[in-house]
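So you can see what is in the structure, the chains are spelled out below.
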Amino acid sequence: MSALLSVEGVAAGYGKITALHGVDLQIHAGEIVTLIGANGAGKSTLMMTICGSPQARSGRVVYDGRDITRQPTHLTMRQGIAQSPEGRRIFQRMTVLENLRLGASVVSPEYFDADLARMYDLFPRLKERESQRGGTLSGGEQQMLAIARALMGRPKLLLLDEPSLGLAPLIVRHIFEVIRELNQREGLTVFLVEQNAFHALKLAHRAYVMVNGRITMSGTGQDLLNNDDVRAAYLEGGRRETAGA
Amino acid sequence: MEYFIQQLINGLTLGSIYGLIAIGYTMVYGIIGMINFAHGDVFMIGSFIALTAFLLLTSLFGPAFLPVVLVLVLIITMLFCVAWGWSIEKIAYRPLRGSFRLAPLITAIGISIVLQNFVQISQGARVKPLPPQIQGGVTLMEGATGVVQLSWMHMIIIATTVVLMTGFSLLISRTSLGRAQRACEQDRKMAALLGIDVDRTISLTFVMGAALAAVAGFMFLLRYGVIDFYIGFLAGIKAFTAAVLGGIGSLPGAMLGGLLIGLIETFWSGYFPIEYKDVATFSILVVLLIFLPSGLLGKPEVEKV
Ligand SMILES: Nc1ncnc2c1ncn2[C@@H]1O[C@H](COP(=O)(O)OP(=O)(O)OP(=O)(O)O)[C@@H](O)[C@H]1O
Ligand SMILES: [Mg+2]
């Protein structure tokens, strides 16, 4: 099976800083793939490099058979990739509805009403807040909005950068539930970056571990959950062991 | 009393012209955080294109077709100014995007000087007159202290401004282009992540500002009848002041600021020594900004992070 997204030997960075060193990663259609790693490992950079901002310095990004390495961001986003980025980046001075409309910029307007209804179905909170300005939403509401805004673009591949950051466990569960549902019911392909490694590995079909801009490990979600190194570095078990020692 | 009302009408007319120019400053500032110092000169170029086109077309059609000629002149002026605005952004600002903040400001001043000198050399330094084309009007009141005249020219300028402003507000608040512009104002990177062509959106912002400056240049020519290569500088500074006064980045603010500056200037000229009108205008600006640093309708900083 050929990959929907294939990252091949990608290096990228900012000015003199090199954040990614020859990263290889594949995502197949219909998969949930997660990437875990410590702060500053380069996870967000990889996600943004896939979208062309910053562009890769070497290596290739191939999506759906097309080389998109040097393609301007807005064109990549018109080919079925959507991202809910780190920090959510909600348009603060625009209403929830306008944020969602912007999410649908790449989609023919005829779908808008049905898609909007679907988002309000997934996240009823957003419907209540429809005409509230983005900047005044709570953190959890902003996260729901960021995901819904990305989904309004009808992506084939959804990139989620730390959707659980700063959220109460109940909301995290809701969001992960939504991701699983979209994946199972509609075959949405998801690439998920998470600090919350335990939940992410349980949700994902496959997973990668990134350390200092390099992929150091990969396998099924279950494999990594059972891996001692992963447990020690990223999971609760590791911490308990050290604490008990 | 009559004198007062007459000055009010004159002030609103002048203010409309400033307001139309001010929108170009405020929109460009809003979207790329830069003051386009060449914008006043696009207005100046507009008035010269209008004059040239007008003389050409009246010699072709004769004076009988005045309304047709006026509409054609307006269209030609807008087309040329739009081309100017678009090229200026492309040549002088876009390559510098992402470099240090002052760089585009310096090229803006450079472009402004280039445009002024270009017109000065090609058109001469002396003022160019155009005899009044649209005369007459209605007398609103007659009293002991004088008459109040609402000329056709007043009406045309005010009506055009109202129509343009209404259309423009709708464009910004309702259309996908307007939404894209506001998105780019707030977060260009996110806008690109949603498939919005940021470069194109910025280009279109310059184009819109230039189109409005073209209208202002044309109306300025018709109303005041004298233009020279330097009018863009003063009108530009005042329109910029208007944009700051109204709250830079705010469209209604730009219009309001324009009207206020027009009124202050006209009333000062009407009641006090006219030589000091610009001093008065800018002094009031200084005082207002001390008490209202973000302008009258300036956007409050983000309420919640
Ligand atoms: N805009 C930027 N300019 C310069 N350096 C940057 C920029 N963004 C990220 N970096 C650097 O690149 C490296 C990778 O950052 P990145 O944001 O990709 O990490 P991350 O894995 O997403 O971390 P976190 O889990 O904290 O979000 C870090 O060393 C960071 O300091
Ligand atoms: Mg990150």
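Look a little higher up for the structure.
None of the values given here were measured: they were computed from a predicted structure. (Residues numbered from 1 in each chain as written. Chains lettered and ligands numbered in written order. Predicted model: local features only at pLDDT ≥ 70, side-chain atom pairs only at ≥ 80, totals over all residues. Heavy atoms only, no water.)

Undergrad: Explanation requested: the overall build of chain A in the structure shown.
TA: Along chain A, the regular secondary structure elements total 11 helices and 10 strands. With respect to the three principal axes, the spread of C-alpha positions in chain A is 50 × 45 × 35 Å. Relative to its full complement of 245 residues, chain A shows a buried share of 55%. Put simply, 66% of the contacts in chain A that link residues at least 6 apart link residues at least 24 apart. Surface summary for chain A: the accessible area is close to 10,800 Å², and the carbon and sulfur share equals 48%. (Helix = DSSP H or I, 4+ residues; strand = E, 2+ residues; numbered from the N terminus. Buried < 20%, exposed > 50% of the residue type's maximum accessible area, 1.4 Å probe, protein only. Contact = heavy atoms within 4.5 Å. Areas by Shrake-Rupley, 256 points an atom, 1.4 Å probe, with all protein chains shown as cover.)

Undergrad: Whenever I open this one, the overall build of chain B confuses me. Can you help?
TA: A count of helices and strands for chain B gives 11 helices and four strands. In terms of overall dimensions, chain B is globule-like: its C-alpha atoms have a radius of gyration of 20 Å, near the 19 Å expected for 305 residues. Projected onto the principal axes, the alpha-carbon positions of chain B cover approximately 65 × 50 × 35 Å. Taking all 305 residues of chain B together, the buried fraction comes to 50%. Within chain B, counting contacts between residues at least 6 apart in sequence, those at least 24 apart form 74% of the total. On chain B, roughly 13,900 Å² of surface is accessible, and the fraction owed to carbon and sulfur atoms is 73%. Averaged over its 17 positive side-chain charges, chain B has a centre that lies 9 Å from the centre of its 14 negative ones. (Rg over C-alpha atoms; globule rule 2.2 N^0.38 Å. Lys, Arg positive; Asp, Glu negative; His and termini not counted. Charge placed at Lys NZ, Arg CZ, Asp CG, Glu CD.)

Undergrad: Which parts of the structure should I look at to understand the coordination of the magnesium ion (ligand 2)?
TA: Ideal geometry at a metal centre: 109.5 degrees between donors when four sit tetrahedrally, and 90 or 180 degrees when six sit octahedrally. Residue and element names in this part refer to chain A. Looking at the magnesium ion (ligand 2), one finds its protein donor set to be Ser44 (OG) and Glu86 (OE), positioned 1.9 to 2.3 Å from the metal centre. Of the two residues, Ser44 sits in helix α1 (residues 43-50) while Glu86 sits in the loop between β6 (81-84) and α3 (96-103), which places them 42 residues apart along the sequence. Look at Ser44 and you get buried, because its relative accessible area is 16%. (Donors = N, O, S within 2.8 Å, 3.2 Å for Na, K, Ca; no water.)

Undergrad: Teacher, can you tell me more about a nonpolar patch on the surface here?
TA: Residues and elements named next belong to chain B. A cluster of nonpolar residues, Leu60, Phe61, Phe65, Val68, Val71, Leu72, Ile75 and Leu79, forms a patch on the protein surface that exposes about 750 Å² of accessible area. Listing elements by their share of the nonpolar patch, those giving two or more residues are α2 (39-61) and α3 (66-93). Among the elements that take part in the nonpolar patch, α3 stands out by supplying five residues, more than any other. Mapped onto the elements of the fold, Phe65 is located in the loop between α2 and α3. (Patch = residues over 30% accessible without salt bridge, like charges linked within 9 Å, V, L, I, M, F, W, Y side chains within 5 Å. Salt bridge = Lys/Arg side-chain N within 4 Å of Asp/Glu carboxyl O.)

Undergrad: What is the right way to look at the pattern of salt bridges in this model?
TA: Side-chain pairs of opposite charge can arise whenever the charged atoms involved come near each other. All names here are of chain B. Counted under the stated rule, the structure contains 18 salt bridges over all chains. Arg97 is the partner of Glu89 in a salt bridge, and the nearest nitrogen-oxygen pair spans 2.5 Å. Of the residues examined, Glu89 reaches a relative accessible area of 0% and is grouped as buried. A salt bridge links Glu265 to Lys238; the nearest nitrogen and oxygen atoms lie 3.2 Å apart. A residue pair is termed long-range when its members are at least 10 positions apart, and Glu265 in helix α10 (residues 251-271) and Lys238 in helix α9 (residues 231-246) qualify at 27 residues. Three or more residues joined by partner-sharing salt bridges are found here, namely Glu89, Arg94, Arg97 and Asp199.

Undergrad: Just to check I follow, could you spell out the site of ligand 1 for this structure?
TA: All names here are of chain A. Residues in close proximity to ligand 1 total 14 residues, the closest being Lys43, Ser44, Thr45, Glu86 and Gln195. Within the side chain of Glu86, a nitrogen or oxygen atom sits 2.6 Å from an oxygen atom of ligand 1. Between ligand 1 and Glu162, the relevant distance is 3.2 Å, taken from an oxygen atom to a side-chain nitrogen or oxygen of the residue. For ligand 1, the protein covers 64% of the area, taking 640 Å² as the surface of the free molecule. Those elements that provide at least two residues to the shell around ligand 1 are β2 (17-27) and α1. For the shell around ligand 1, the element with the most residues is α1, which contributes three residues. (Near = heavy atom within 4 Å. Polar contact = N/O pair within 3.5 Å; in protein donor to acceptor, adjacent residues only side chain to side chain.)

Undergrad: What am I meant to see in the environment of Leu289 of chain B here?
TA: All names here are of chain B. Turning to its location among the elements, Leu289 is positioned in helix α11 (residues 277-291). Once the C-alpha coordinates of Leu289 and Ala108 are considered, the two residues, 181 residues apart in sequence, prove to be 24 Å apart. Excluding residues that lie within four positions of it along the chain, Leu289 makes contacts with Val244 and Gly295.

Undergrad: So what exactly am I meant to see when it comes to the nonpolar core here?
TA: As a rule of thumb, soluble globular proteins bury nonpolar side chains together. Judged by nonpolar contacts, the single largest core of 114 residues is most densely connected at Leu46, Leu157 and Phe191 of chain A together with Ile23 and Phe43 of chain B. Considering every element that reaches this core, the biggest residue donor is helix α8 (residues 198-224) of chain B, with 15 residues. Not counting residues within four places of it along the chain, the set of residues in contact with Leu157 of chain A comprises Leu4, Leu5, Ile27, Tyr63, Gly80, Ile81, Ala82, Thr189 and Phe191 of chain A. Residues Val96, Phe123, Leu158 and Val172 of chain A belong to the second largest nonpolar core, which totals 37 residues. (Core = buried A, V, L, I, M, F, W, Y, C linked by side-chain atoms within 4.5 Å.)

Undergrad: What am I meant to see in unusual backbone geometry here?
TA: Leaving glycine aside, a negative phi is the common case for residues, and trans is the common case for peptide bonds. All names here are of chain A. Residue Pro54 follows Ser53 across a cis peptide bond; omega there is 5°. Along the polypeptide, Pro54 turns up in the loop between α1 and β4 (58-63). The phi dihedral of Arg154 falls on the positive side, at around 50°, and the residue is not glycine. Turning to its location among the elements, Arg154 is positioned in the loop between α6 (139-151) and β7 (157-161). You can call Arg154 partly exposed: its relative accessible area is 42%. Positive phi outside glycine occurs at Glu162, with the angle close to 50°.

Undergrad: Quick question: what am I supposed to make of the sheet that holds β2 of chain A here?
TA: Paired through their backbone hydrogen bonds, the strands of a sheet run either parallel or antiparallel. Residues and elements named next belong to chain A. Strand order in this open sheet of four strands is β2-β1-β4-β5, and the pairing throughout is antiparallel. Each having just a single partner strand, β2 and β5 (66-67) make up the two edges of the open sheet. Here strand β1 (residues 5-14) pairs with β2 via seven bridges, running antiparallel. For Ala12, the partnering residue across the bridge sits in β2 and is Leu20. (Pairing = 2+ DSSP bridges.)

Undergrad: What is the right way to read the packing of helix α1 (residues 2-32) of chain B against helix α5 (residues 152-174) of chain B from this model?
TA: The angle between the axes and the distance between the axes are what describe a pair of packed helices. All names here are of chain B. α5 packs onto α1 with a crossing angle of 35° between their chain directions and a minimal axis gap of 10 Å. Judged by the twist between their axes, the crossing of α1 over α5 is left-handed. Facing Gln6, Ile9, Asn10, Leu12, Thr13, Ser16, Ile17, Leu20, Ile23 and Met27 of α1, the residues of α5 in contact are His154, Ile157, Ile158, Thr161, Leu164, Met165, Phe168 and Ile172. Tallied by class, the residues present in the contact of α1 with α5 amount to 12 nonpolar, six polar and no charged. (Axes fitted to C-alpha atoms, helices over the stretch in contact; angles between N-to-C directions. Left-handed = near helix turned anticlockwise from the far one by under 90°. Nonpolar A, V, L, I, M, F, W, Y, C, P; charged D, E, K, R; others polar.)

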